[in-house]
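So the chains spell out like this:
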Amino acid sequence: MHVYASYAYSQYPCNIYNNDTYMCVCNIISCPLLFCRAKFLSEGFCGFFNIQVHFHCARIGQAKRQNPMSGDAGFYAGNQGFLFAFDRLFNSWERTVSMKEYKPFKSGKVREVYDIGDSLIMVATDRISAFDHILKNRITDKGAILTQMSSFWFEYTKDVIRNHMITTDNERMPEFFRQEQFTGNSMKVQKLTMLPLECIVRGYITGSGWASYQETGKVCGIELPEGLQESQQLPEPLFTPSTKAELGDHDENISYEQCVEVLEKHYPGKGKQYAEAIRDNTIALYKKCAEYAKEHGIIIADTKFEFGLDENGEIVLGDEMLTPDSSRFWPADGYQAGHSQPSYDKQFVRDWLKANPDSDYKLPQDVIDRTIEKYKEAYLLLTGKEFTRTGK
């Protein structure tokens, strides 16, 4: 008898011995996770064993192993030896034994955030929200589209301001995030102290801005010219910040002066400096991206950015960026002011909910299908690539 293979995973070493008649699995010492049950079928011999024992010997003729931990990957052995898919079996066990699990320390309307020590993992789920409510449906692949679109914009605007993205490559994340449910929808990011504001920028007058303008001639306290039409482009983009509400509450639009006050309260002596920085960067980001998007068939009517401070107190762009969840995207082809516009974003969902107030925030399947089609279409126009779950 000779050693056929040797494995030394964690504290559970294992040697496989083989001669022409017997296979011996040795030194698997009381590991509660190694519970794989194998069934051996040979000439006149049928036996079961649990790999939880110090030693087991089994007669091998022709054999098939079924492993519930790693699928149907069996081995067959002849009279002169055996062929055993042992690497796959123990790789699976090693992952189960050694893989550290993570739980989100923060769950938002659509995102979950994990702390991995020196950085964070931001996971965009397939949840969708509207009117500050999380809907009861899931939109398949939505999270991956949001993550990959943010990645595209972060890369495109890194010359304007530094952003928090480190990577979207799951292989550069802890093993827990290499599982299938995290593929394509996860981003490793720098830790930041997030500023308590959402930085909304409006390039066109629509939505709540249009409603406010009709009543007062102003948007978030900013006086606008008379005679504007719905969906009309504004003379210059407007910076209209809002407070961040807790889950289930409504964000509150505030003036620029109030923005300074909020930041001064949190960062004494820095309020005016931070307010100017986030305003100027918000406008610069919008102008650069709106110009690019329009050249590629999409009007960015409005969007929102979020900023944070790094360990040196420098302002860094965080959260998501210019996704259909955080922006209004209109098709440039056929655009005409004077009425509401078709969209590539979740305005489609908002419109359906308004028309169906008794829906209890549950969408029909055709609205779900249409929504994800719109997201994928916008992704293609902006990035020039068909959407795939891996982003490749």
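Residue positions are given per chain, counted from 1 along the sequence in the order it is written. Given that the model is predicted, a residue must reach a pLDDT of at least 70 before its local features are reported, and side-chain atom pairs must reach 80 or more before they are shown or counted; all residues, however, enter totals for whole chains, interfaces and linings. Side-chain measures were taken over the full set of non-hydrogen atoms in the model, leaving aside hydrogen atoms and water.

1. With respect to the overall build of the protein
Helical segments are the DSSP runs of H or I of at least four residues, strand segments are the runs of E of at least two, and each set is numbered from the N terminus. Helices and strands together make up the secondary structure of the protein, namely seven helices and 24 strands. Accessibility here uses a 1.4 Å probe with only protein chains present; expressed as a share of the type maximum, an area under 20% marks a residue as buried, one over 50% as exposed, and anything in between as partly exposed. A total of 392 residues make up the protein; the buried ones form 49% of that total. Taking as baseline every contact in the protein between residues at least 6 positions apart, the subset at least 24 positions apart corresponds to 56%. Computed with a 1.4 Å probe, the accessible areas rest on the Shrake-Rupley method; for each residue, only the protein chains presented here act as cover. As displayed, the protein has an accessible area near 19500 Å², and 48% of this comes from carbon and sulfur atoms. Here a residue-residue contact requires only that any non-hydrogen atoms of the pair lie within 4.5 Å.

2. Looking at the pattern of salt bridges
Salt bridges are defined as contacts in which a side-chain nitrogen from Lys or Arg sits within 4 Å of a carboxyl oxygen from Asp or Glu. In this structure the tally under the stated criterion is 19 salt bridges. Among the ionic pairs, lysine 142 bridges to aspartate 325, the shortest N-O distance being 2.8 Å. Of the two residues, lysine 142 sits in helix α2 (residues 142-156) while aspartate 325 sits in the loop between β23 (315-318) and β24 (327-331), which places them 183 residues apart along the sequence.

3. A few points about the environment of methionine 165
Take methionine 165: it is sitting in strand β14 (residues 165-167). Here the alpha-carbon distance between methionine 165 and glutamate 320, two residues 155 residues apart in the chain, equals 9.7 Å. Not counting residues within four places of it along the chain, the set of residues in contact with methionine 165 comprises Ser151, Phe154, Glu155, Met187, Lys188 and Val189.

4. Quick notes on the nonpolar core
Trp153, Ile278, Phe307 and Met321 are the most contacted members of the largest nonpolar core, which totals 64 residues. Residue contacts for isoleucine 278: discarding those within four places in its chain leaves Leu195, Leu197, Cys199, Phe239, Cys259, Leu263, Phe307 and Ile315. We call a set of buried Ala, Val, Leu, Ile, Met, Phe, Trp, Tyr and Cys residues a nonpolar core when their side-chain atoms join them within 4.5 Å.

5. Considerations on the pairing of strand β17 (residues 197-204)
Judged by how many residues are buried, β17 sits mostly within the fold: eight of eight residues are covered. As defined by bridge partners, β17 adjoins strand β21 (residues 242-243) across two bridges and the pair is classed as antiparallel. Counterpart to leucine 197 in the pairing with β21 is threonine 243. Bridging between β17 and strand β22 (residues 298-309) involves four bridges; their strand directions are antiparallel. Its bridge partner being in β22, cysteine 199 is matched across the sheet by phenylalanine 305. Here β17 runs beside strand β20 (residues 233-239); their pairing, made up of three bridges, is antiparallel. For tyrosine 204, the partnering residue across the bridge sits in β20 and is glutamine 233. Here, any two strands with at least 2 DSSP bridges between them count as paired.

6. Considering the pairing of β24
The element β24 is largely enclosed, with a buried count of five among its five residues. Because side chains alternate across β24, one face comprises the buried residues Ser327, Phe329 and Pro331, and the other comprises Arg328 and Trp330, equally buried. With five bridges connecting them, β22 and β24 associate as antiparallel partners. The residue of β24 that forms the bridge with isoleucine 299 is tryptophan 330.

7. Re unusual backbone geometry
Among all residues save glycine, negative phi is the norm, and among peptide bonds the norm is trans. Residue serine 231 is not a glycine yet carries a positive backbone phi of 70°. Among the secondary structure elements, serine 231 is positioned in the loop between β19 (222-223) and β20. A relative accessible area of 0% means that serine 231 is categorised as buried. A positive phi angle is found at aspartate 360, which is not glycine, with a value near 55°. Here aspartate 360 shows up in the loop between α6 (347-355) and α7 (365-383).

8. Some remarks on the sheet that holds strand β15 (residues 186-189)
Across the sheet, five strands lie side by side as β9-β10-β11-β15-β14; this open sheet has antiparallel pairing. Every other strand in the sheet has two partners, leaving β9 (106-107) and β14 as the edge strands with one partner each. Bridge count between strand β10 (residues 111-115) and strand β11 (residues 120-124): five bridges; the pairing is antiparallel. Looking at β11, one finds that arginine 111 is bridged to alanine 124. Contacts from α2 reach β10, β11, β14 and β15, with the element oriented near 40° to β15. Geometry is summarised by axes, namely lines fitted to C-alpha atoms with helices restricted to the contacting stretch, and by angles between N-to-C directions that run from 0 to 180 degrees.

9. Regarding helix α5 (residues 271-295)
It helps to recall that an α-helix has 3.6 residues per turn; residues three or four apart then point in one direction. For α5, with 25 residues, the first-to-last C-alpha span of 36 Å sits near the 36 Å given by 1.5 Å per residue. Following α5 by one or two positions, glycine 297 has its phi on the positive side, about 95°. By this rule the span expected of a helix is its residue count minus one, scaled by 1.5 Å.

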